[in-house]
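# Reading the structure
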Amino acid sequence: MVTVQENLNEKEELKRNVAVKFSNEEFSKLVIKDLASTTAGRSVVKNFKQSEVRDFINNYKREESQRKLLSISEALFVKSPHYRRLIQYYSGLATMSYVIVPQRRVDILDNEAISNEYYEVAEIVSKMNIKHEFAKVLEEAFKSDVFYGYIYNTSDDFYIQKINNEICKISSIENGAYNFSIDMSYFESDESRLSYYAKEVELKFREWQKTNKNLKGKEKLSKWVELNSRNTICIKVNEGIMETIPPFAGSFDSIFDIEAFKTLRKDKEELSNYMMLTQKLPIRENSTENNDFAIDLPMMRYFHNTISDVLPENVGLITTPMDVMPIKFDKDKTDADGVAKAERDFWSGSGTSQALFSTENNTSQGITMSIKTDEQVIFLMLNQLERWLNRFLAMNGYSNLFKVEILHVTYFSQDSIYKQYLEASTYGLPLKLYVASVLGLEPIAMMGLVDLENDIFELHNKLIPLASSHTLSSDDIMSTGGRPTNEESGNADTDETARARDKKGATE
């Protein structure tokens, strides 16, 4: 027979068990911080994984891989300061100094005719502003491997319009320079795009469209139509291969590594500033029941929420009946910063000295030799630009007597090349125009300044230096009569002066 007291104890036990019972979902709400969600999914280039980039490079002969690599290069130029600085370094390395030199005999021609033709070439090249236009061409070429451009040339203006790589391809070589074709199907889907291109593009599109309509039931014309070489420019960095591959595609993997190590470093800093508090739920010591907590769920939630409301963002709170032991993932101190290592790999992979962009571990000799190697890359591009420029001048009828020579001068070698030309000039070599070009003077400016200073303003007669031992000749000094004698000044000679005069008379 059950007594009244036993019945009351049983009811109390049942009531307590119901009060403390709660589900996994309820308990999980007591954990209010989640570190894993803060850094997931970071990528330097959206929609491209590092493994995919490696596959694109390995399969570079596929057109799809080439298009993907060009897209990645465009994105990295915007997002990666290392990649952008690398491209700007090479595209801005040359000073674009140039001279206009004869390419045929001039001694048998009339001087006035020679002068007129020289000035005509000097004026057109000056108007082209190649220091600015060619720098833009090189930047795009180093970014995409090939630059496709259309020339707008008027009596007082010159401009090169960049054409999207996706609708162009190299189609021929003429006089050592590339020509390219444009994809006419690009305008067929949306003819309003024609307004952004030259009149020649629209005329050739209309002709192509009309011809295809008349070819009923026959094979259609190719969608690729070559533009007039007189009006186009095409420069390719990797001339040894026909595929269009960004010149620094081999460094893409290192750029992803830099971003990955930056992410790890940020995660480590976040974790080092994070604190986790735990409050342990009390359990009845002598109870035979599982999960026999001393307080019920509402009371647990009350204390948990009360504490969590006053905690800062970088402090988490866990309410659990188990002991929580901290676990640290300390990395070897000798390799604490993977970012620096990844950056070294990037510059090494691009073939460029990191010392040019860093203050660490640099030596003057090492930097100098590295720059000389980099200069060889840009000199090849200058040769290509020079060949196109002379083709443009000849095709447009500016000159057959003169050609433009773009000097192999960079901002790093400017001083040494100047001294080299200046020293050679002192031995009679005709390098005055070369010296002026290295100093930054264009031919038209050089000749104009000579006329302006010597003939028009006659500055050599007006700007007279102060008299000194450096500006007076010996004849000028003797003509002045020298210092007045003691007799002229009314002073008596000293014994030493008298003896010197006697010696002088004895030798006469």
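In short, a report on the structure. Since the model is a prediction, treat every value here as computed from it, not as a measurement. (Residues numbered from 1 in each chain as written. Predicted model: local features only at pLDDT ≥ 70, side-chain atom pairs only at ≥ 80, totals over all residues. Heavy atoms only, no water.)

## Some remarks on the pattern of salt bridges
Selection criterion: Any carboxyl oxygen of Asp or Glu within 4 Å of a side-chain nitrogen of Lys or Arg constitutes a salt bridge here. We count a stretch as a helix when DSSP gives it H or I for four or more residues in a row; a strand needs E for two or more, and each element gets its number in order from the N terminus. The classification of residues rests on relative accessible area computed with a 1.4 Å probe and restricted to protein chains. Under 20% of the type maximum is buried, over 50% is exposed, and intermediate values are partly exposed.
For the structure shown, the criterion picks out 16 salt bridges. The partner of Glu-191 in a salt bridge is Arg-206, and the shortest N-O contact between them spans 2.8 Å. One end of the pair, Glu-191, is in the loop between helix 8 (185–188) and helix 9 (199–214); the other, Arg-206, is in helix 9, and 15 residues separate them in sequence. Assessed through its relative accessible area of 36%, Glu-191 is described here as partly exposed.

## Topic: the packing of aromatic side chains
How we decide: Planes of paired rings set the category: under 30 degrees apart is stacked, over 60 is edge-to-face and the rest tilted, where pairs are Phe, Tyr or Trp rings (Trp by its six-membered ring) whose centres lie within 6.5 Å. Think of it as a cone above the ring: NZ of Lys or CZ of Arg counts as a charge over the ring if it is within 6 Å of the ring centre and within 35 degrees of the ring normal.
This model, assessed by the stated rule, comprises 20 aromatic pairs. Centroid distance Phe-134 to Trp-388: 6.2 Å. Interplanar angle 70°. Geometry classified as edge-to-face. In this pair, Phe-134 sits in helix 7 (residues 130–144) while Trp-388 sits in helix 13 (residues 364–395), placing the two residues 254 residues apart along the sequence. Taken together, a centroid distance of 5.3 Å and an interplanar angle of 85° make the contact between Phe-187 and Tyr-197 edge-to-face. With Phe-187 in helix 8 and Tyr-197 in the loop between helix 8 and helix 9, this residue pair connects regions lying 10 residues apart in the sequence. Residue classification places Phe-187 among the buried positions, given a relative accessible area of 0%. Pairwise contacts between aromatic rings join Tyr-89, Tyr-90, Phe-142, Phe-248 and Phe-412 into one cluster. The aromatic ring of Phe-77 is capped on one face by Lys-143, whose charged end is 4.2 Å from the ring centroid.

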